[in-house]
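As a plain string of letters, each chain reads:
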Amino acid sequence: MPARPPGRLFVLSGPSGVGKGSVMAQLRHRDLPVWVSVSCTTRPPRAGERHGEHYFFVDDDEFVRRIDAGEMLEHARFAGRRYGTPRAAVQEHLDRGVPVLLEIELAGARQVKASMPEAHMVFLAPPSREELERRLIGRGTETPEEIAARLRQAEVELAAEREFDTVIVNDDLPSATARLVDLILGQDPNARS
Ligand code: 5GP
């Protein structure tokens, strides 16, 4: 029997507030043959977030220990907090032929692309800058200082759109999710791979 081909790695990135979390929430409710990675972060949980499901919530010392032990596939600071992808679980799923999806910010996405160039990079774009700002403020989960930091970061992230293989504009949540699903299931006619 020939060995099973490795699973494909998909990376979903895009500015904070664009709706990556909402797309991911929709995706989790579908019974798709894709494994969604659970990141580590040093930020505190938001209401309703559970350890091991949305994130592994760890303190700074533990995060640094994991970096030093080589346990992170990528890691970055975002709005004053650390975020990173545990390497082992991603590799195990890919080795078993299971597609894997990461939802991460730009610096981390670039690290993944550098170490795993075969990864398919997907950029979730807002319909406009104004709409992005409106969504970030309307979410009501961040302080004004945190919103300002995220908007500054969003400017940097918007400029990176052209580095990605596929751009999905999130003007409508169900259709943006459907495009990502089609891409993962290999049915997207617009995918450049
Ligand atoms: P939030 O605090 O809103 O959950 O996430 C803030 C940002 O961190 C989002 O842009 C999200 O995509 C990103 N993020 C979440 N997990 C990871 C990760 O493991 N690595 C990196 N580099 N970014 C992440």
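Here, the structure is the one placed above.
Here goes a summary of the coordinates provided. (Residues numbered from 1 in each chain as written. Predicted model: local features only at pLDDT ≥ 70, side-chain atom pairs only at ≥ 80, totals over all residues. Heavy atoms only, no water.)

Right, let's get into helix 1 (residues 20–29). Think of an α-helix as 3.6 residues a turn; residues three or four steps apart then line up on the same face. Every buried residue of helix 1 is listed here: Lys 20, Val 23, Met 24 and Leu 27. One side of helix 1 holds all its buried residues, which, seen down the axis, span an arc of 100°. Buried residues along helix 1 sit in contact with strand 1 (9–13), strand 2 (35–36), strand 7 (100–103), strand 8 (120–125) and helix 7 (173–184). (Buried < 20%, exposed > 50% of the residue type's maximum accessible area, 1.4 Å probe, protein only. Helix = DSSP H or I, 4+ residues; strand = E, 2+ residues; numbered from the N terminus. Arc of directions from axis to C-beta. Contact = heavy atoms within 4.5 Å.)

A word on the site of the ligand. The full set close to the ligand counts 16 residues, and Ser 39, Arg 43, Tyr 55, Tyr 83 and Glu 103 are the nearest of them. Note that an oxygen atom of the ligand is positioned 3.0 Å from one of the side-chain N or O atoms of Lys 20. One of the side-chain N or O atoms of Glu 103 is found 2.4 Å from an oxygen atom in the ligand. For the ligand, the protein covers 95% of the area, taking 510 Å² as the surface of the free molecule. When contributions to the shell around the ligand are tallied by element, the ones reaching two or more residues are strand 5 (72–78) and strand 6 (81–86). Taken together, the residues of the shell around the ligand break down into 5 nonpolar, 4 polar and 7 charged. (Near = heavy atom within 4 Å. Polar contact = N/O pair within 3.5 Å; in protein donor to acceptor, adjacent residues only side chain to side chain. Areas by Shrake-Rupley, 256 points an atom, 1.4 Å probe, with all protein chains shown as cover. Nonpolar A, V, L, I, M, F, W, Y, C, P; charged D, E, K, R; others polar.)

Across soluble globular proteins, you tend to see nonpolar side chains buried next to one another. By size, the foremost hydrophobic cluster in this structure holds 21 residues, and its most contacted members are Leu 12, Leu 27, Leu 101, Leu 124 and Leu 180. Elements supplying a minimum of two residues to this core: strand 1, helix 1, strand 8, helix 6 (144–158) and helix 7. The residues touching Leu 101, leaving out its near neighbours within four places in the chain, are Phe 10, Leu 12, Met 24, Leu 27, Val 34, Trp 35, Val 36, Ser 37, Leu 180 and Ile 184. (Core = buried A, V, L, I, M, F, W, Y, C linked by side-chain atoms within 4.5 Å.)

Attention now goes to the pairing of strand 1. Remember that side chains alternate between the two faces of the sheet whenever the strand is regular. The element strand 1 is largely enclosed, with a buried count of 5 among its 5 residues. Burial along strand 1 is two-sided: Leu 9, Val 11 and Ser 13 and Phe 10 and Leu 12, pointing in opposite directions, are all buried.

Structurally, Gln 26 can be placed in helix 1. Setting aside chain neighbours within four positions, we find Gln 26 in contact with Leu 173, Pro 174 and Thr 177.

In total, this model carries 4 aromatic pairs according to the counting rule given. Taking 6.1 Å as the distance between ring centres and 85° as the angle between the ring planes, the aromatic pair formed by Phe 78 and Tyr 83 counts as edge-to-face. Each member of the pair Phe 78 and Tyr 83 is classed as buried. Each member of the aromatic cluster is reached from another via a ring pair, and the members are Tyr 55, Phe 57, Phe 78 and Tyr 83. (Phe/Tyr/Trp six-rings, centres within 6.5 Å; stacked < 30°, edge-to-face > 60°.)

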